[in-house]
Amino acid sequence: MKITQRNDDFIVGVTIQSETGPDHGRQEEVTMCRYLSKYALIFLFLALSGLIFLLHNIHTVENWNCHTISALYQLQSRIQPSFIFNLPTFHHNRTFCAHLGQKPFPEDELEERYLLNSIAWPGPPPGSTPTALRQTSDPLHSLFAILPTKGLREWHVGDELEALVQMHDYQGRPKHYGGDFLLARLHSPELGAGVAGKVVDHKNGFYSAMFPLLWVGSAQVEITLVHSSEAVAVLRRLREERPDRVFFKSLFRLGFLSETTVCNMCLPSDQQPLCNYTDLYTGEPWYCYKPKMLSCDTRINHAKGGYLKHLITNKEALLFQSGVNIKVHIHASGPDRINVLPTKKDVEVENSSINPEPSKLAPSGYFYEDSWRPLNGVAMRQFNESSAVTECLKNKVINMYGDSTVRQWFEYLIALVPELKEFNLNSPKNVGPFMAVDSTNNILLKYRCHGPPIRFSTVLSSEMRYISNELDGLSGGPNTVVVLSIWAHFSTFPVEVYIRRLRHIRRSLVRLLDRAPGTIVVIRSGNLQAMDQEVSLFNSDWYSLQLDEVLRSMFKGLNVLLVDAWQMSLAHHLPHALHPPEVLVKNMIDMLLSYVCSEKRKSLLL
């Protein structure tokens, strides 16, 4: 038997020569060729049938159950964990990302300039940026002192307390410019009391921290350096020049073929072809790099891709050291606490105008016995029993939109109220959308995350909704409650991006309140969080503070209510956390429910 093989054209020749002679061998060779021809026709027929079947059912393949696809993708991810993104080279041009989307109206541009000016932050003088850590603000060398009152050195409820802070560098020398990010709190651990202070930067190395005196007894001043002015300058540069420092990804799939590409709000268009997912109604921009083999309409999901490394120099990294210059207390040069006496009985009328602008110093509330006491005129109730919550929410639809900090409210409510049964929507954990129903009391509670940018693990593309569009789809009315929280995922982008998003939400709220004036709208502000170097570069409290001030300004005068999570997290004694501890969440929910069930809502607006 002789076998020959030609690999170049895939033809196989078989020659069989038996002992009976060459004629008999040729006969067997011819017979073999006939069999091969017969089977080749069968194989060709089967291949063509399979191809026709695939083309005929291509839409069925495309529309496989998303959960099956997700499972296949997760398996593929486990098998190939070494997938590497080709991340774009980002051009450091702040206008590139800030001015994407629809061209704003002239009045919008005017408002944007006003908002940006209102949050302008002082920094080191031009040309005087320190070249070494020893020349930057040092919380251990810095000091504060409680200033005495006029006349007798005693304080009463209703007075204002002022502490003067002087910043020094690591060599003990006084700083002569401002820009440090300080937090101030007046508290009494034994009373469970606390109130946020107002910090005024005198731009010469001195700062004033002012507090209203709201309870009788001990009150201790606490001043914290969150970031030095030099660190804030780095954060500001990152925000304007590196909005790509958190990157996103999307999975594209057609049948068994899949690709994953990088996505973001602003991607350079000169490096790869783009898929444009700009929202048709709001004009909110979003892009992904186009897959090499698939079309843009095969996108299945959205997910956080990761965080870029090596964003700052080694010298700049020294400005972000936990326990050294991130959230470190500043010591007092003398006593750091006072004793507050009851309100004076004989206060003269003219003494009440010592502060020319008392409203600017008035906090939204304070803690006493670990309970929030608002100062905006609402009487906050304690909803300790599930029956009280049920009675308040009876016959209402509560729509929660936003990030995970408002999802935390959804989770708290369904844990508190057993009658609220979560309806299984087969949504990914911690992503949503979620829904809970109390059919007996006609209560519907819903949560949906806001549209991109959002750093959740994986969100189906079909579930990516912009808050503005969702609001436009609501009928509204006195039994409709809208709760919004949108801040944590915008910290890596220029402030203009956040202003644009809030502008679209505000327009939708105006339309909603015009067609259904009785709709209850509550906005949850941002809050303080635990920070180290990595968190500082992506989610610093300084970023959150700037966004919080923009949010308050943009919704001021609108028929909406505020749950001041910022001041709550600052005033309370527990450590800061992105998702606050339960005692703080309870107070926020009590505030929300007090708004919903209040008869005085119109007098409580922002």
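See the structure shown above.
Residues numbered from 1 in each chain as written. Predicted model: local features only at pLDDT ≥ 70, side-chain atom pairs only at ≥ 80, totals over all residues. Heavy atoms only, no water.

Undergrad: For this particular structure, what's the right way to read the sheet that holds strand 14 (residues 287-289)?
TA: Strands in a sheet are paired, the pairing made by backbone hydrogen bonds, and the direction either parallel or antiparallel. Taken together, the six strands give an open sheet; going across it, the order is 13-14-12-11-15-24, and neighbouring strands pair in antiparallel fashion. One side of each edge strand has no neighbouring strand; the edge strands of this open sheet are strand 13 (274-276) and strand 24 (459-460). With three bridges joining them, strand 13 and strand 14 adopt antiparallel strand pairing. By the bridge assignment, L274 is partnered in strand 14 with Y289. (Pairing = 2+ DSSP bridges. Helix = DSSP H or I, 4+ residues; strand = E, 2+ residues; numbered from the N terminus.)

Undergrad: Help me understand the pairing of strand 10 (residues 217-227), please; the structure alone is not making it clear to me.
TA: Regular strands place side chains that alternate from one sheet face to the opposite one. Burial runs high along strand 10: eleven of the eleven residues are buried. Pairing geometry for strand 6 (residues 181-188) and strand 10, over seven bridges, is antiparallel. Looking at strand 10, one finds that A184 is bridged to I223. Sheet analysis places strand 10 next to strand 16 (residues 328-332), joined by three bridges and oriented antiparallel. Counterpart to T224 in the pairing with strand 16 is H329. (Buried < 20%, exposed > 50% of the residue type's maximum accessible area, 1.4 Å probe, protein only.)

Undergrad: Would you explain the environment of R524 in this entry?
TA: Its place among the elements puts R524 in strand 26 (residues 520-524). For R524, a relative accessible area of 0% gives the class buried. R524 has contacts with T405, W409, L484, S485, W487, V563, A565, P580 and M588, leaving out every residue within four places of it along the chain. (Contact = heavy atoms within 4.5 Å.)

Undergrad: Please explain the nonpolar core as it appears in this structure.
TA: Within the largest apolar cluster, 76 residues are counted, with the highest numbers of intra-cluster contacts made by F320, L471, L502, I505, L509, V550 and F555. If one sorts the elements of this core by residue count, helix 12 (residues 495-515) sits on top with nine residues. Those residues in contact with F320 that sit more than four places away from it in its chain are H227, A231, V234, L235, I312, N325, I326, Q533, S536 and L537. (Core = buried A, V, L, I, M, F, W, Y, C linked by side-chain atoms within 4.5 Å.)

Undergrad: Looking at this structure, how should I read the pairing of strand 18 (residues 365-368)?
TA: Neither face of strand 18 is exposed, since G365 and F367 on one face and Y366 and Y368 on the opposite face are all buried. With four bridges connecting them, strand 18 and strand 19 (residues 371-374) associate as antiparallel partners. Bridge pairing in strand 19 links Y368 to S371.

Undergrad: Looking at this model, I keep getting lost on the sheet that holds strand 23 (residues 443-449). Mind explaining?
TA: Taking strand neighbours across the sheet as the criterion, the seven strands line up as 21-22-23-20-25-26-27 in an open arrangement whose pairing is mixed. In the strand order of this sheet, the two ends are held by strand 21 (421-423) and strand 27 (561-563), each with one partner. The mean inter-strand angle of the sheet, taken between neighbouring strand axes irrespective of direction, is 20°. Of the pairings in the sheet, the one linking strand 21 to strand 22 (residues 434-438) comprises three bridges and is antiparallel in character. Considered in strand 22, the bridge of K421 is made with V437. Across the sheet, helix 16 (residues 582-596) touches strand 20 (397-402), strand 25 (480-485), strand 26 and strand 27, and the angle it forms with strand 27 is around 165°. (Axes fitted to C-alpha atoms, helices over the stretch in contact; angles between N-to-C directions.)

Undergrad: Just to check I follow, could you spell out the environment of F367 for this structure?
TA: Mapped onto the fold, F367 is located in strand 18. By relative accessible area, F367 is classed as buried at 1%. Residues F367 and Q567 lie 200 residues apart in sequence; the distance between their C-alpha atoms is 10.0 Å.

Undergrad: Honestly, empty space enclosed by the protein in this entry has me stumped. Any pointers?
TA: To find leftover empty space, one rolls a probe the size of a water molecule over the atoms. Per the stated rule, a full pass over the model turns up three cavities of 30 Å³ or more. What lines the second largest cavity is simply R185, H187, S188, P189, G192, A193, G194, F367, D370, A571, H572 and H573. Put simply, the parts of the chain that give the lining of the second largest cavity at least two residues each are strand 6 and strand 7 (193-196). Its residues assigned to classes, the lining of the second largest cavity comprises four nonpolar, six polar and two charged. (1 Å grid on protein atoms, 1.4 Å probe; cavity = no way out; pocket = protein on both sides within 12 Å on 5 of 7 lines; lining within 4 Å. Points joined across faces, edges and corners; volume = space filled by probe spheres on them. Nonpolar A, V, L, I, M, F, W, Y, C, P; charged D, E, K, R; others polar.)

Undergrad: Before we go on, may I ask you to explain helix 14 (residues 541-555) in this structure?
TA: In an α-helix, one turn spans 3.6 residues, which is why side chains three or four residues apart end up on the same side. Over its 15 residues, helix 14 extends 21 Å from the first C-alpha to the last, a length consistent with the 21 Å expected when each residue adds 1.5 Å. Within helix 14, twelve of the 15 residues are buried, which leaves the element mostly enclosed by the surrounding structure. Listed as buried for helix 14 are D541, W542, Y543, S544, L545, Q546, L547, D548, V550, L551, M554 and F555. Backbone nitrogen of W542 and a side-chain oxygen of the N-cap are separated by 3.0 Å at the start of helix 14; the cap is S540. Backbone geometry just downstream of helix 14 places G557 in the positive-phi region, at approximately 90°. (Expected span 1.5 Å × (residues − 1). Polar contact = N/O pair within 3.5 Å; in protein donor to acceptor, adjacent residues only side chain to side chain.)

Undergrad: What is the right way to read the state of the cysteines from this model?
TA: Cysteine pairs can be linked by a disulfide, which is a covalent bond between their two sulfur atoms. Inspection of every chain in the model, using the stated rule, returns three disulfides. Shown here is the disulfide that connects C263 with C288, its sulfur atoms set 2.0 Å apart. Around the S-S axis, the bridge from C263 to C288 shows a dihedral of about 105° and counts as right-handed. Separated by 25 residues along the polypeptide, C263 in strand 12 (residues 257-264) and C288 in strand 14 bring together distant segments of the chain. Owing to a relative accessible area of 0%, C288 belongs among the buried residues under this scheme. (Disulfide = S-S within 2.5 Å.)

Undergrad: Whenever I open this one, the packing of helix 12 against helix 14 confuses me. Can you help?
TA: Working note: a packed helix pair is described by the angle between its axes plus the distance between those axes. Two numbers describe how helix 12 lies on helix 14: the axes approach to 10 Å, and their chain directions differ by 30°. Between helix 12 and helix 14, the crossing angle belongs to the class labelled roughly parallel. For the pair helix 12 and helix 14, the sense of crossing is right-handed. Here V495, Y498, I499, L502, R503, I505, R506 and L509 of helix 12 come into contact with helix 14, specifically with L547, V550, L551, M554 and F555. For the contact of helix 12 with helix 14, a count of residues per class yields eleven nonpolar, no polar and two charged. (Parallel < 35°, antiparallel > 145°, perpendicular 65-115°, else oblique. Left-handed = near helix turned anticlockwise from the far one by under 90°.)

Undergrad: I keep staring at the packing of helix 6 (residues 229-241) against helix 14 and nothing clicks. Help me out?
TA: Contact pair helix 6 / helix 14: the axes reach a minimum separation of 10 Å and the direction vectors enclose 65°. On the basis of the axis angle, helix 6 is roughly perpendicular to helix 14. For the crossing formed where helix 6 meets helix 14, the hand is right-handed. Of helix 14, the residues touching helix 6 (which contributes V232, L235, R236, L238 and R239) are W542, Y543 and Q546. Each residue belonging to the contact of helix 6 with helix 14 can be placed in one class, and the counts come to five nonpolar, one polar and two charged.

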